[in-house]
Number of protein chains: 2
Amino acid sequence: MSNYFLRTLREDPSDAEVTSHRLLVRAGYIRRQAPGIFAWLPLGLKVKAKIETIIREEMAAAGAFEVHFPALLPREPYEVTGRWDEYGDGLFRLQDRKGSDLLLAPTHEEVFTLLVKDLYNSYKDLPLSIFQIQDKYRDEARSRGGLLRGREFTMKDAYSFDHTDAGLDVSYQAQRDAYERIFTRLGLEYVVVQADAGAMGGSKSEEFLHPTAVGEDTFVRSDGGYAANVEAFRTLAPAAIDFTGFPAAEVHDTPDTPTIQTLVDSANANHPRPDGREWTAADTLKNVVLALVQLDGSREIVVIGVPGDRDVDLKRVEVAFAPAEVEAANDGDFAKLDKIAGRPGLVKGYIGPWSATGAMLGEESATGIRFLVDPRVVDGTEWITGANEAGRHVFGLVAGRDFVADGVVEAAEVRAGDPAPDGSGPVELARGMEIGHVFQLGRKYAEALGLKVLDENGKLVTVTMGSYGIGVTRALAVIAELNNDAKGLIWPEAVAPFDVHVIATGRDEIVFETSEAVTALVEASGRDVLYDDRRKVSPGVKFGDAELIGIPTIVIVGRGAADGIVELWDRRSGERTQVAVSELAAHFA
Amino acid sequence: MSNYFLRTLREDPSDAEVTSHRLLVRAGYIRRQAPGIFAWLPLGLKVKAKIETIIREEMAAAGAFEVHFPALLPREPYEVTGRWDEYGDGLFRLQDRKGSDLLLAPTHEEVFTLLVKDLYNSYKDLPLSIFQIQDKYRDEARSRGGLLRGREFTMKDAYSFDHTDAGLDVSYQAQRDAYERIFTRLGLEYVVVQADAGAMGGSKSEEFLHPTAVGEDTFVRSDGGYAANVEAFRTLAPAAIDFTGFPAAEVHDTPDTPTIQTLVDSANANHPRPDGREWTAADTLKNVVLALVQLDGSREIVVIGVPGDRDVDLKRVEVAFAPAEVEAANDGDFAKLDKIAGRPGLVKGYIGPWSATGAMLGEESATGIRFLVDPRVVDGTEWITGANEAGRHVFGLVAGRDFVADGVVEAAEVRAGDPAPDGSGPVELARGMEIGHVFQLGRKYAEALGLKVLDENGKLVTVTMGSYGIGVTRALAVIAELNNDAKGLIWPEAVAPFDVHVIATGRDEIVFETSEAVTALVEASGRDVLYDDRRKVSPGVKFGDAELIGIPTIVIVGRGAADGIVELWDRRSGERTQVAVSELAAHFA
């Protein structure tokens, strides 16, 4: 350590929001270069290399071959698949000296597809799985949490190619199994959750989430084994109800009831339920006006009806309307709506659903605006909802009789206690950090880019693909996030930058001689040693550095050296044991 | 090989200009993604990893620590050192979603300097050498030769930090020694030549050039041990001559002599030398008008006088005027010159040197334009040169008496036979490809970015730095360029993608059983094997693939397998030897 390129810092970095970021910087593993962009110092690079080795070993075991693509790629393939635009501001775009458009790749589906198209042409060449460990770029609006969400980050991305759906299932499972082995070896707890393929297209999609309070994702799981990203959660719709003989809807004056709570209070006070039970927010239908902002900037207004006891979850809505972005309708949207067919417009706080004719309640002409509902709004359900007039609501409005939605959309928030769609019981909510993602792209990319092979019958068939990613640098951060205490990092043995940290304390020559002998002995057992040979540094500072750096096993060579005794210090348990140097070889054997 | 991700190609890539590019693509090592941007296939990645391992080992032996910087960096540090502008069109620049300027780093001097500034503050922390193996970006005007000059390429760049000049010499020598070991291990012949530090600033600078006809650089060397890049070659100036009593210069009519040859012919015909020898081009002074284009686009006109038997070498002139670009003056430049002080302008073909007053010969007012000369134009040399009038030249014009230059510039071409500046005899010219560069940056970057440490006396001193680069992907291409024949690649053992290529030929089960046994046996010796187990591929195709791929040792398992005999095929010599399987283990031991 007297000449190793390493400086530990006493102060936390001012921009550190999470423990891993704080400790990795303080212990000399990484240094910030720009928002979300880091340099790797020797200790950090060693940990990263160990993680990459584990991933490479498991990729090889899964039969995947390693390749390496450039980060800088031409626009064309991404134009063909639409991702040049779909990625929006998240894509780093640039031009070369000749004015050709280039990008820094956020993922590499397009070029992997083109590579296989270039080289392969028969079903006999398949299945094929290829991967790379490579630096990727995403211009995050707000890069946070150090390595947890960087703008430059290292990713293992693998892609599988099959000519049948059954083949894709096998390739997918091989990667999924490899992921389980990788995260187990890394000591990373994970939950495999159903995910929405989102902007990537495709069908089956699962995320490996590490459950952690600093996670950016919310997921749900039931005791019965269901687990899904909230974006992928599917509401268990109740059965439709036969509404024959249901009383007609009635419009009542409900002055000053622009919110659900005021409406429920007013309803209970002035229009009590015939059966004597209290009205609740769940009896009301809240119609929310949203704007879908398309890639070309155009806005479509949609109205979504959800039970009044639930908020709309914009992230869930965005999945439904991807790649459009979704936002609350603004005054301009409402003003434009007002002009369509000269209607009086939407009355905020009193908006009602559309009639079966496509017109708003109380009107005659179709609006041309989509009215979508939560899956719970099945035929025969009765609702208190806006009458499209200020201060008036309609009671007993029956879905399927008094209004007909243009479709169903997963827009409402998911709540603890909601039933899992597979019938496995109520779900609970938890926070997680995505550490891996496996999904079946299907034929989307192969179709767009023309990747076909000849099948057994000599017919050209489009290849079906899978895409599989692990955030390498994020995994490192999550491991650091999990393995630390107030004093510093505590690396699991599998990824520690060194196996053993030898500390010489005091000034006696015998201490340094013994330390060197111990270092040689431990290295002879095949372990890497970081040897703190600094002569003018106090034992307290050395111990503090060792705790901060977090190598799992520490050997303290001090006064006992004269008697051939050293101390073994387990960084995780804090336990210290005296051991004779003569027994150390056996200990490390 | 039946499932390895590899396809050899029958056709040469249409854009391949050099052998290495052609063979690396055909043999399935790399694939082009965009001009100068390549993807690495499994075989290529393995060779690259072996080169990187050799470099890492020698960097460790030289005491350098490995770090890793991002490719995407903020503008600011490069702005401070001036390189944001100086790199011109060669720098990939981009902006993030917030409009911040970023670049893809061409080299990393700035951020290494800032890292050390961040962490170190005392001479006790030094010396320090740190390196990375990292992907770099340069927007080459014309990327050519496949990997020889890519726009994205892998480089090992190291930087040393010392607080004394003597320390820098030691750090520099350690890297230089490591480079010699690396290139020797890679089997790459090299010449260490003096180089000009050029746009990088700094003082001592040496290039490791691999002598090759496809090289982009020209260098000179003498039998006495001198070697230099032509840009760094320094002309051995003759001693000045006492011109006391030299006859006065005379202007003669020399109609229709706009070129050196016509002038020499006219001089010999009409104005023979008094001593009877023939006039030659070397007796004439050719005054060349050049434009220096500064970074801000402004143009400075300079006139450079060189002996008439030499061309101006623009690359040498550019080094002298860096970071300005140099080009021949255009009509616009001449026109502007015409207007300065209302003079008649420069008469092409008859341009003369400036007088001692700074005015052109035959004029009175100073031009304000710099007149520079070749080092051979020492005081007392006599010249035939233009008289600044169409059809007229001046004879016996004496340097130092009739004209005085504003300075000396290395502008003339270097020719075989020119004397080496160190007196080691005449030089010869050769072509080379730069594979390494070591140079002493000195304090330029540390000064610009404020990297200082406390010295032994507690005084702040600016750190002095070295910068050391090896083009990893270029080295790979040069190795391929060197090691091949008409059939394909022939890798040196140190970097071959596999050590041994086992080929099963024929259809008998015994052949495949023997091949598997041979593979196991060779792998047991610690060697990597590529096993060609393809069942429906003819021996001829397999042999062709093996020759193209270029693994140094090939084992052919064929008919002899029934008798326990296989063939050892040395890819380089072409020699084939029959060996009993029972003796193979001893052979590979």
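The coordinates are above.
Residues numbered from 1 in each chain as written. Chains lettered and ligands numbered in written order. Predicted model: local features only at pLDDT ≥ 70, side-chain atom pairs only at ≥ 80, totals over all residues. Heavy atoms only, no water.

Tell me about the pairing of strand β2 (residues 37-40) of chain A, residues and numbers included.
Of the two faces of β2(A), both are covered, the one formed by I37(A) and A39(A) as well as the one formed by F38(A) and W40(A). With antiparallel pairing between neighbouring strands as the criterion, strand β1 (residues 30-34) of chain A and β2(A) make up a hairpin whose turn holds 2 residues, including G36(A) at a positive phi of roughly 75°. (Buried < 20%, exposed > 50% of the residue type's maximum accessible area, 1.4 Å probe, protein only. Helix = DSSP H or I, 4+ residues; strand = E, 2+ residues; numbered from the N terminus. Pairing = 2+ DSSP bridges.)

Any details on the packing of aromatic side chains? Residues and values, ideally.
Summed over the entire model, instances satisfying the criterion amount to 32 aromatic pairs over all chains. Where F112(A) meets Y159(A), the ring centres are 4.2 Å apart and the plane angle is 40°; that geometry is what we call tilted. Taken together, the positions of F112(A) in helix α5 (residues 109-119) and Y159(A) in strand β8 (residues 152-162) put the pair 47 residues apart, joining distant regions of the chain. Y159(A) carries the same exposure label as F112(A), and that label is buried. Arranged with centres 6.2 Å apart and planes meeting at 75°, the rings of Y226(B) and F233(B) form a pair that is edge-to-face. In this pair, the class of Y226(B) matches that of F233(B), namely buried. Ring pairing ties together the aromatic residues Y179(A), F183(A), Y190(A) and F208(A), which thus form one cluster. R93(A) extends its terminal NZ or CZ atom over the ring of W84(A), reaching a point 5.2 Å from the ring centre. Over the ring of F543(B) we find R576(B); its NZ or CZ atom is 5.1 Å from the centre of that ring. (Phe/Tyr/Trp six-rings, centres within 6.5 Å; stacked < 30°, edge-to-face > 60°. Lys NZ or Arg CZ within 6 Å of the ring centre and 35° of its normal.)

Outline the pattern of salt bridges, listing residues and values.
All names here are of chain A. If you walk through the whole model with that rule in mind, you get 101 salt bridges over all chains. Where R56 meets E66, a salt bridge forms, and the shortest distance between an N and an O atom there is 2.7 Å. Taken as a pair, R56 in helix α2 (residues 42-61) and E66 in strand β3 (residues 65-66) lie far apart in primary sequence, 10 residues in all. Looking at R56, the relative accessible area reads 31%, which means it is partly exposed. (Salt bridge = Lys/Arg side-chain N within 4 Å of Asp/Glu carboxyl O.)

Can you tell me about the interface of chain A and chain B, naming the residues and giving the values?
Facing the 52 residues of chain A at the interface are 52 residues of chain B. Between chain A and chain B, a total of about 4,600 Å² is buried, with carbon and sulfur atoms accounting for 64% of that surface. If you sort the residues of chain A by the area they bury against chain B, F5(A), R7(A) and R97(A) come out on top, with a joint share of 17%. Along the contact surface separating chain A from chain B lie 8 salt bridges. Of the charged contacts, one joins R31(A) and D118(B) as a salt bridge, the two residues approaching to 2.6 Å between their closest N and O atoms. (Contact = heavy atoms within 4.5 Å. Buried area = accessible area lost by both parts, 1.4 Å probe.)

Describe the sheet that holds strand β31 (residues 576-580) of chain A, with residues and values.
All names here are of chain A. With mixed pairing, the 5 strands of this open sheet are ordered in space as β28-β27-β29-β30-β31. Either end of the sheet is taken by a strand with one partner, and the two such strands are β28 (529-532) and β31. The sheet shows a mean angle of 25° between the axes of neighbouring strands, direction not considered. Here 5 bridges tie strand β27 (residues 500-504) to strand β29 (residues 553-557), and the two strands are oriented parallel to one another. Its bridge partner being in β29, H501 is matched across the sheet by I554. Helix α12 (residues 509-524) contacts β27, β28, β29 and β30 (565-570) of the sheet and is inclined by roughly 170° relative to β27. Across the sheet, helix α13 (residues 539-549) touches β27, β28, β29, β30 and β31, and the angle it forms with β27 is around 170°. (Axes fitted to C-alpha atoms, helices over the stretch in contact; angles between N-to-C directions.)

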